[in-house]
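# Architecture at a glance
For reference, the chains in residue letters:
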Amino acid sequence: MTEIRLWNTKTKAKEVFSPIDPDDVRMYVCGPTVYDRAHLGNARPVIVFDVLFRLLRHVYGEENVTYVRNITDIDDKINATAQKRKAAGAEGTLEHLIHDRADETIHWYHQDMDALGALRPTIEPRATQHIGTMIAMIQDLVEKGHAYFAEGHVLFAVDSYADYGTLSGRTVEDMIAGARVEVAPFKRNPMDFVLWKPSDADLPGWDSPWGRGRPGWHIECSAMSYELLGPAFDIHGGGIDLQFPHHENEIAQSACAHPSEDFARLWMHNEMLQVEGRKMSKSLGNFFTVRALLDQGVPGEVIRFVFLSTHYRKPMDWTAEKAREAEATLRKWYRIAGAAKPGDMPNALVAALSDDLNTHGALAELHRLAGEGDAAGLRAGLALLGLMDDRIPLWADAGSAALTAAAERLTDAREQAKATMNFAEVDRLKAALAEAGVEVRMSREGVELLPAEGFDPAKLEALPEDPTEWH
Ligand SMILES: [Zn+2]
């Protein structure tokens, strides 16, 4: 079996990946808070862990990998949008409006990430569907002396967990100095974090031993990963911005609730995204969503290619120049891969990905295969990297674009011929199409062109541009 080696943030070493159960490889990745369209930076962990998911499926078998990515649908920004809509006269209870806003955003998220070629995770749990598990876990932490109740809140006591901070390698003093810690008089230690907080009557809330309220964000992942993957699983992933405090807090909660279990064995973090060499931010005016790029006509495969060209543990710089180059390369590769059936998976490509997801090396291998004209190998490699499914994407399909253009020309010629009763142009065009290997079907409904035996898009492109040139 292929040996996969991955950098473990926790041990700060590249380790040979050895799943707890090779028949049930389990991965958890922190997912989106669904309050608005995903920005380009949000797409990076999605693509990085999609590549890992595909590699694991390739090595261990599709049925033997479970990928959980949560959906945070409890959030002040979701509530704020719902409240604004309610104030503007929207129908329904606030609870419904909150649910609708989350549904709407999840739908956008799926559309946008699908366009980037990311497979849907095996399970996408919504926080609101797992409140019971969170309450049970918080109760357990209180009983074990790791959490305490104060002024309507339940807080995790970081002093009760000696290993707090080991993932990011910080001391509690450093963390207090470096973090924007929410100061609250009822906290025993400024680093203590919220497990449960009270809800006002007009905000979503659930009954609990501590009154009506809602869970803090960190407990979501500890509770849902426990419920869906068990107390010990293989890989936990997310952006490097989540390492502290979110992942430190997840570890503290899970380790204290299940002291004899491993929780996540291997931690992986992707670096952040920049745009044209600068941090993406609203104030710099270089902040944009995945949808905005797609709507500008940048194909999802091109976005994915640009992301894959930088290793996930390095900051990635999105530039328009890289997108142009990626598009040209992909067009070339799709032309070579063409209608070839996927051949054997190229070993060098799997080896590159197995070396801590060396996607840059994997793309270099595709360059090599394209250079050798190995259509079947290229086709298999494109599929593993999520750059090509069953067929060439429409935007890059020279044949389909040429057919569409030729059909338009033939339709125009036919309209003119009906007026002049001179069908010479139509006949000439039909002959040229037949010569290019195109079957022409004409009916009252219109013109239909189908690629037939010996179809050659290059011959179609060689047809005269302007119908008047056919005279
Ligand atoms: Zn999380």
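Details of the structure are given in the entry above.
Worth saying up front: this structure is predicted, and the values here are computed from it rather than measured. (Residues numbered from 1 in each chain as written. Predicted model: local features only at pLDDT ≥ 70, side-chain atom pairs only at ≥ 80, totals over all residues. Heavy atoms only, no water.)

## So, the coordination of the zinc ion
Protein coordination of the zinc ion is provided by Cys30 (SG), Cys221 (SG), His246 (NE2) and Glu250 (OE), with donor distances spanning 2.1 to 2.3 Å. Between the four donor atoms coordinating the zinc ion, the angles at the centre fall across 78 to 132°, so the site counts as irregular. (Donors = N, O, S within 2.8 Å, 3.2 Å for Na, K, Ca; no water. Tetrahedral: all angles 85-135°; square planar, octahedral: opposite > 155°, others 65-115°.)

## What about the nonpolar core?
Inside soluble globular proteins, nonpolar side chains tend to come together where they are buried. If you look at the biggest cluster of nonpolar residues, it comprises 70 residues, and the most contacted ones within it are Leu40, Trp318 and Leu382. With twelve residues, helix H1 (residues 43-60) is the single largest residue contributor to this core. The contacts of Trp318, once residues within four sequence positions are left out, are Leu40, Leu273, Gln274, Val275, Glu276, Phe288, Leu293, Val298, Ile303, Val306, Phe307 and Ala323. (Core = buried A, V, L, I, M, F, W, Y, C linked by side-chain atoms within 4.5 Å. Buried < 20%, exposed > 50% of the residue type's maximum accessible area, 1.4 Å probe, protein only. Helix = DSSP H or I, 4+ residues; strand = E, 2+ residues; numbered from the N terminus. Contact = heavy atoms within 4.5 Å.)

## Examining the packing of aromatic side chains
Overall, the coordinates contain ten aromatic pairs when judged by the stated rule. Summarising the aromatic geometry, the rings of Trp196 and Trp210 are spaced 5.8 Å apart at their centres and angled 55° between planes, so their arrangement reads as tilted. With Trp196 in strand S7 (residues 193-198) and Trp210 in the loop between S7 and strand S8 (213-215), this pair connects stretches of sequence that are 14 residues apart. For the pair Trp196 and Trp210, one class covers both residues: buried. (Phe/Tyr/Trp six-rings, centres within 6.5 Å; stacked < 30°, edge-to-face > 60°.)

## Structural notes on the sheet that holds strand S9 (residues 232-239)
Sheet architecture is open: four strands sit in the order S4-S3-S9-S10, paired in parallel fashion. Each end of this open sheet is capped by a strand with a single partner; those strands are strand S4 (65-69) and strand S10 (263-270). Recorded for the sheet is a direction-independent mean angle of 20° between the axes of neighbouring strands. Alignment of strand S3 (residues 25-29) against S9, held across three bridges, turns out to be parallel. Bridge pairing links Val29 to Gly237 in S9. Along the sheet, helix H6 (residues 217-229) makes contact with S3, S4, S9 and S10, crossing S3 at roughly 160°. Helix-sheet contacts for helix H7 (residues 243-257) involve S9 and S10, and the interaxial angle to S10 is about 175°. (Pairing = 2+ DSSP bridges. Axes fitted to C-alpha atoms, helices over the stretch in contact; angles between N-to-C directions.)

## Structural notes on the pairing of S9
Within S9, eight of the eight residues are buried, leaving the element largely enclosed by the surrounding structure. The sheet contact formed by S9 and S10 spans seven bridges and is parallel. Residue Phe233 lies in a different strand from S10, and its bridge partner there is Ala264. The handedness of the S9 to S10 crossover, carried by H7, is right-handed. (Right-handed = clockwise from strand over helix to strand, strands pointing away.)

## Considerations on the pattern of salt bridges
Counted under the stated rule, the structure contains 28 salt bridges. Across the salt bridge formed by Asp140 and Lys144, the nearest N and O atoms sit 3.0 Å from each other. Across the pair Asp397 and Arg391 runs a salt bridge whose closest N-O atoms are separated by 3.7 Å. With a relative accessible area of 17%, Asp397 lands in the buried category. When salt bridges that share partners are traced, they join Asp36, Arg85, Arg101 and Glu104 into one network. (Salt bridge = Lys/Arg side-chain N within 4 Å of Asp/Glu carboxyl O.)

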